[in-house]
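What follows is the residue order along each chain.
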Amino acid sequence: AAPAAGSATPAPADALAEAGERARRVTDRTSRWASFTLIDRKTGRAVGDDRSAERTNAESTVKMWLAADLLATRAAQRRPLTAYENRRLAAMIRLSDDNAAEVFWRQLGADASIARMIRVCRLSDTRVYPEWWSLTQISSGDLAKLASCLVPGRGRFLSPEVGAPLWALMRSVDASNAFGIQQADPLGGGRRIAVKNGWTEHGGTGLWNVNCVGVWGPDDRWALAVALRYPIGRGLAYGADACRRVTTALYPLTRGQGTS
């Protein structure tokens, strides 16, 4: 029926804002600190919580940048990766090999590579932690921006050809490393999405630092980052479950929309 004369027509619901509110309820209730940011790459809009600009340790999520920087550097040099580099690259992304990351980080200029990441991807909150790539200070907002920045495409930092190896590896991360966002099955049917997680238990602080990053959807529409710090006694599973619950809270907006 038509609205009565003089009555206001209800404004259409903002599905992104509503999904963000559901996810915000998860991070707001997660001990001790948690944050998320979701970017809709189709519209350029983002949604997060009140901590989306607060920094935390990047941990192994920075490895997706090191991989991208390596691929872009070799492409600029017109030099294919060696068999050794291909093996180490696969180990760094699929199994989160720290030794491989250390080798590439040094080859790429160490702190200069992280500074390049900040510049290339226009990260507003991120800070270099001198001589320690895993302690790069980054926010959930910048983690989502970083993931979005590295999606291959024409005129982007990684062309489709140059970026294909990284995206193939991120979509085939070992099951032990693909906790959280992938476990929420955002594409449905158990289909794999692009992920790179980071996790470390820090005895000095008594806290786990856990970060989950995932990209999926038609034309890689959705880029999600979840970052957490919580007591070591809760175990890695606590962080993995929080990442899964944030992802699920974003449904039905982000779920099952075609293939990545």
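Residues numbered from 1 in each chain as written. Predicted model: local features only at pLDDT ≥ 70, side-chain atom pairs only at ≥ 80, totals over all residues. Heavy atoms only, no water.

## Overview of the side chain of Asn 197
Okay, so step 1: As for its placement among the helices and strands, Asn 197 is situated in the loop between β5 (194-195) and β6 (198-202).
Okay, so step 2: Here Asn 177 takes part through its backbone oxygen, which lies 3.0 Å from a polar atom of the side chain of Asn 197.
Okay, so step 3: Within the structure, the side chain of Asn 197 is placed 2.9 Å from the backbone oxygen of Phe 179, a separation counted as a polar contact. (Helix = DSSP H or I, 4+ residues; strand = E, 2+ residues; numbered from the N terminus. Polar contact = N/O pair within 3.5 Å; in protein donor to acceptor, adjacent residues only side chain to side chain.)

## What to know about unusual backbone geometry
A negative phi holds for most residues other than glycine; trans holds for most peptide bonds.
Okay, so step 1: Looking along the chain, the bond that leaves Ser 31 and enters Arg 32 is cis, with omega of 0°.
Okay, so step 2: Looking at the secondary structure, you find Arg 32 in the loop between α1 (15-28) and β1 (33-40).
Okay, so step 3: In this structure, the amide linkage connecting Tyr 251 to the following residue, Pro 252, adopts the cis form with an omega of 0°.
Okay, so step 4: Turning to its location among the elements, Pro 252 is positioned in the segment after α8 (235-249).

## Overview of the pattern of salt bridges
Okay, so step 1: Under the counting rule described, the total for this entry stands at 19 salt bridges.
Okay, so step 2: Here Asp 28 ties to Arg 51 by a salt bridge, and the two come within 2.7 Å at their closest N and O atoms. Here Asp 28, found in helix α1, pairs with Arg 51, found in the loop between β2 (45-48) and β3 (55-57); they are 23 residues apart in sequence, far enough to count as distant.
Okay, so step 3: By relative accessible area, Arg 51 is classed as buried at 16%. (Salt bridge = Lys/Arg side-chain N within 4 Å of Asp/Glu carboxyl O. Buried < 20%, exposed > 50% of the residue type's maximum accessible area, 1.4 Å probe, protein only.)

## Some details on the confidence of the model for the protein
Okay, so step 1: The predicted model of the protein has a mean per-residue pLDDT of 94, with 93% of residues at 70 or higher.
Okay, so step 2: Predicted confidence is poor over residues 1-12, with pLDDT under 50, and the contacts of this stretch with residues over four places away or in other chains come to one contact. (pLDDT = per-residue confidence, 0-100. Contact = heavy atoms within 4.5 Å.)

## Regarding the packing of aromatic side chains
Okay, so step 1: By the definition in use, this model includes four aromatic pairs.
Okay, so step 2: Judged by centre distance (6.2 Å) and plane angle (80°), the rings of Tyr 129 and Trp 132 are edge-to-face.
Okay, so step 3: Lying across the ring of Tyr 238, Arg 234 places its NZ or CZ 4.7 Å from the centre. (Phe/Tyr/Trp six-rings, centres within 6.5 Å; stacked < 30°, edge-to-face > 60°. Lys NZ or Arg CZ within 6 Å of the ring centre and 35° of its normal.)

## Section: α1
Okay, so step 1: For α1, spanning 14 residues, the distance from its first C-alpha to its last is 20 Å, which sits close to the expected 20 Å at 1.5 Å a residue.
Okay, so step 2: Those residues of α1 lying buried are Leu 16, Ala 19, Gly 20, Ala 23, Arg 24, Val 26 and Thr 27. Burial along α1 is one-sided: seen end-on, the buried residues are contained in an arc of 155°.
Okay, so step 3: The inward-facing, buried residues of α1 contact β1, β2, β8 (222-231) and α8.
Okay, so step 4: The backbone nitrogen of Leu 16 has a side-chain oxygen 3.2 Å away, supplied by the residue at the start of α1, namely Asp 14. (Expected span 1.5 Å × (residues − 1). Arc of directions from axis to C-beta.)

## Focus on the state of the cysteines
As used in these notes, a disulfide is a covalent bond between sulfur atoms, one from each of two cysteines.
Okay, so step 1: All told, the structure shown has two disulfides when counted by the stated rule.
Okay, so step 2: At a sulfur-sulfur separation of 2.1 Å, the disulfide partner of Cys 121 is Cys 149. Measuring handedness by torsion sign, the sulfur bridge of Cys 121 and Cys 149 sits at about -70° and is left-handed. You can see Cys 121 sitting in the loop between α5 (111-120) and β4 (137-139) and its partner Cys 149 sitting in helix α6 (residues 140-149), a full 28 residues away along the chain.
Okay, so step 3: Since its relative accessible area comes to 7%, Cys 121 is described here as buried.
Okay, so step 4: A sulfur-sulfur distance of 2.2 Å marks the disulfide that ties Cys 212 to Cys 243. On the sign convention where negative is left-handed, the bridge of Cys 212 and Cys 243, at about 85° about the S-S bond, is right-handed. With Cys 212 in strand β7 (residues 207-216) and Cys 243 in helix α8, this residue pair connects regions lying 31 residues apart in the sequence. (Disulfide = S-S within 2.5 Å.)

## Section: the packing of helix α2 (residues 63-76) against helix α4 (residues 98-107)
Okay, so step 1: One can describe the packing of α2 onto α4 by two numbers: an axis separation of 10 Å at closest approach and a directional angle of 45°. What the angle tells us is that α2 and α4 run oblique. Crossing hand, α2 versus α4: left-handed. Residues Lys 63, Leu 66, Leu 70 and Arg 74 of α2 pack against Asp 98, Ala 101, Phe 104, Trp 105 and Gln 107 of α4.
Okay, so step 2: A per-class count over the contact of α2 with α4 returns five nonpolar, one polar and three charged. (Axes fitted to C-alpha atoms, helices over the stretch in contact; angles between N-to-C directions. Parallel < 35°, antiparallel > 145°, perpendicular 65-115°, else oblique. Left-handed = near helix turned anticlockwise from the far one by under 90°. Nonpolar A, V, L, I, M, F, W, Y, C, P; charged D, E, K, R; others polar.)

## Let's talk about the pairing of β2
Okay, so step 1: Pairing of β1 with β2 involves four bridges; the strand directions are antiparallel. Of the residues in β2, the one forming a bridge with Leu 38 is Val 47.
Okay, so step 2: Where β1 hands over to β2, the hairpin turn is made up of four residues, of which Gly 44 adopts a positive phi near 85°. (Pairing = 2+ DSSP bridges.)

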